[in-house]
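Below are the chains, spelled out letter by letter.
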2 protein chains.
Amino acid sequence: MRISTKGRYALRVMLYLAEHYTLGHIAVKVIAEEESLSPKYIEQIMSKLTKAGLVIAVRGANGGYRLANSPSNYSVAQIIKVTENNEDFSPCAPAGGTPCPRYKKCISSDVWQLVQSTIEELLDNLTLTDLLRMQQDKLGTPSLYLTYLSHLNKK
Amino acid sequence: MRISTKGRYALRVMLYLAEHYTLGHIAVKVIAEEESLSPKYIEQIMSKLTKAGLVIAVRGANGGYRLANSPSNYSVAQIIKVTENNEDFSPCAPAGGTPCPRYKKCISSDVWQLVQSTIEELLDNLTLTDLLRMQQDKLGTPSLYLTYLSHLNKK
DNA sequence: AAATAATCCCAGTGCAATAGTAGGAAAAAG
DNA sequence: CTTTTTCCTACTATTGCACTGGGATTATTT
């Protein structure tokens, strides 16, 4: 059960595309440079995002990538699901494999399912525009950002 | 950001000890047999649980392990924290390492912190007795188990 | 038409962590 | 003093992650 660099980098790239949404296509070379990431690695991630229809690729000189929809249409969950090999979430009953023999009576599997669904619910309701707003607030006057932080510090 | 077999097995072992709380000490050999886990691997996990004070070990013949406190005193979060190498949670600013240079301005790091704190809060409030109750309800008459499942299916 | 600039595709590689194995020393009980 | 347990340390094999590299394809520019 994990979130790796693939998903994390994907979010950063999508945020970058959202920030520069009006500029049209942006090449991997530029994104990787700006975000200090390996261009070839980002290429692979873009491939997944393209195949899933989250971004639109334009080949050839002056080509690049752009969001397929406006930033408000993307949830963090969506981005993670597409880029991550999320097979090992809910490890007791993997998607393509045979479930653990004690799956039915073992209660611990429900804990991991609960964890997964909780994360999903959280990230489902977090869009790129939410994050852009948070970013503005983080740098400038805090408002929404503090809302999230207060939830974070509630414990 | 991951939960591995160490943490998951540890929870199963702790649940087993909680179920047989009244029996006194139970040997690794028995637990491993009952839970279909590698005895030598469980030994290592028990070592962590012992050092953290969650269980009490009795060496020698007729020895074994027992919970240090009653099951209601253990949260899932506690068990995971002790057994898991939780360094790679919040990957942007690791505990012992240097934080990512863009940590201050990059908003995506806040997403992962939010994920982490959400999981922590969830698992902090989930005790072994909660799970035992869920297990009874799962097999017999459902009550609390359905409460959790409804939350799970809410989305 | 040719050169250039980009995505696409597939293969390989180094490293680190996971998931165990293995062997024996120390301690307690019978 | 033999047996049964935990304790401790080291070793290992596999897996998956995090890239790197080389070209083929597509489109623009000159």
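Definitions and cut-offs
Residues numbered from 1 in each chain as written. Chains lettered and ligands numbered in written order. Predicted model: local features only at pLDDT ≥ 70, side-chain atom pairs only at ≥ 80, totals over all residues. Heavy atoms only, no water. Near = heavy atom within 4 Å. Helix = DSSP H or I, 4+ residues; strand = E, 2+ residues; numbered from the N terminus. Nonpolar A, V, L, I, M, F, W, Y, C, P; charged D, E, K, R; others polar. Buried < 20%, exposed > 50% of the residue type's maximum accessible area, 1.4 Å probe, protein only. Polar contact = N/O pair within 3.5 Å; in protein donor to acceptor, adjacent residues only side chain to side chain. Contact = heavy atoms within 4.5 Å. Buried area = accessible area lost by both parts, 1.4 Å probe. Salt bridge = Lys/Arg side-chain N within 4 Å of Asp/Glu carboxyl O. Axes fitted to C-alpha atoms, helices over the stretch in contact; angles between N-to-C directions. Parallel < 35°, antiparallel > 145°, perpendicular 65-115°, else oblique. Left-handed = near helix turned anticlockwise from the far one by under 90°.

*Asks:* Could you clarify how one ought to interpret the protein's contact with DNA strand C in this entry?
*Replies:* Taken together, 26 residues lie around DNA strand C, and Val28 and Tyr65 of chain A together with Thr5, Lys40 and Gln44 of chain B are the ones closest in. Within 4 Å of the protein, the contacting atoms of DNA strand C are 62% sugar and phosphate, with bases supplying the remainder. Elements with a minimum of two residues in the surface near DNA strand C: helix 3 (39-51), strand 1 (55-58) and strand 2 (64-67) of chain A together with helix 1 (5-19) and helix 3 (39-51) of chain B. Broken down by element, the surface near DNA strand C gets its largest block of residues, five residues, from helix 3 of chain A. Here the surface near DNA strand C is built from residues that sort into nine nonpolar, ten polar and seven charged.

*Asks:* Sorry, what's going on with the environment of Leu139 of chain A here?
*Replies:* Residues and elements named next belong to chain A. Looking at the element boundaries, Leu139 is found in helix 6 (residues 128-139). For Leu139, a relative accessible area of 60% translates into the label exposed. Through-space distance from the C-alpha of Leu139 to that of Arg8 is 21 Å; in sequence the pair is 131 residues apart.

*Asks:* Help me out: how do you make sense of the protein's contact with DNA strand D in this one?
*Replies:* As a structural note, the neighbourhood of DNA strand D is formed by 27 residues, with Thr5, Lys40, Gln44 and Arg59 of chain A together with Val28 of chain B the closest of them. At the protein interface, 65% of the atoms of DNA strand D within 4 Å belong to sugar or phosphate. Contact between DNA strand D and Thr5 of chain A: a phosphate oxygen at 2.5 Å from a side-chain N or O atom of the residue. Between DNA strand D and Tyr9 of chain A there is a distance of 3.1 Å, counted from a phosphate oxygen to a side-chain nitrogen or oxygen.

*Asks:* How should the interface of chain A and chain B be read in this particular structure?
*Replies:* The figure often quoted for interface size is the accessible area lost as the parts come together. At the junction of the two partners, chain A supplies 47 residues and chain B supplies 47 residues. Buried area between chain A and chain B, both sides added, is near 4,300 Å², and the carbon and sulfur share of it is 67%. At the junction of chain A with chain B, the criterion picks out three salt bridges. Here Arg102 of chain A and Glu35 of chain B are joined by a salt bridge, their closest N and O atoms 4.0 Å apart. Joining chain A to chain B, the criterion identifies twelve residue pairs in polar contact (both at pLDDT 80 or more). Every element with two or more residues in the side of chain A that touches chain B is listed here: helix 1 (5-19), helix 2 (28-35), helix 4 (76-83), helix 5 (108-124), helix 6 and helix 7 (144-153) of chain A. Tallied by class, the residues present in the side of chain A that touches chain B amount to 24 nonpolar, eight polar and 15 charged.

*Asks:* Explain the packing of helix 5 of chain A against helix 1 of chain B here, please?
*Replies:* Helix-helix packing is characterised by the crossing angle of the two axes and by the distance between the axes. Interhelical geometry of helix 5 of chain A versus helix 1 of chain B gives an angle of 135° and a closest axis separation of 10 Å. With respect to helix 1 of chain B, the element helix 5 of chain A is oriented oblique. Pair helix 5 of chain A / helix 1 of chain B crosses with right-handed handedness. Side by side, helix 5 of chain A and helix 1 of chain B meet where Ser108, Val111 and Trp112 of chain A of the first sit next to Arg8, Leu11, Arg12 and Leu15 of chain B of the second. When the residues that make up the contact of helix 5 of chain A with helix 1 of chain B are grouped by side-chain class, the tally is four nonpolar, one polar and two charged.

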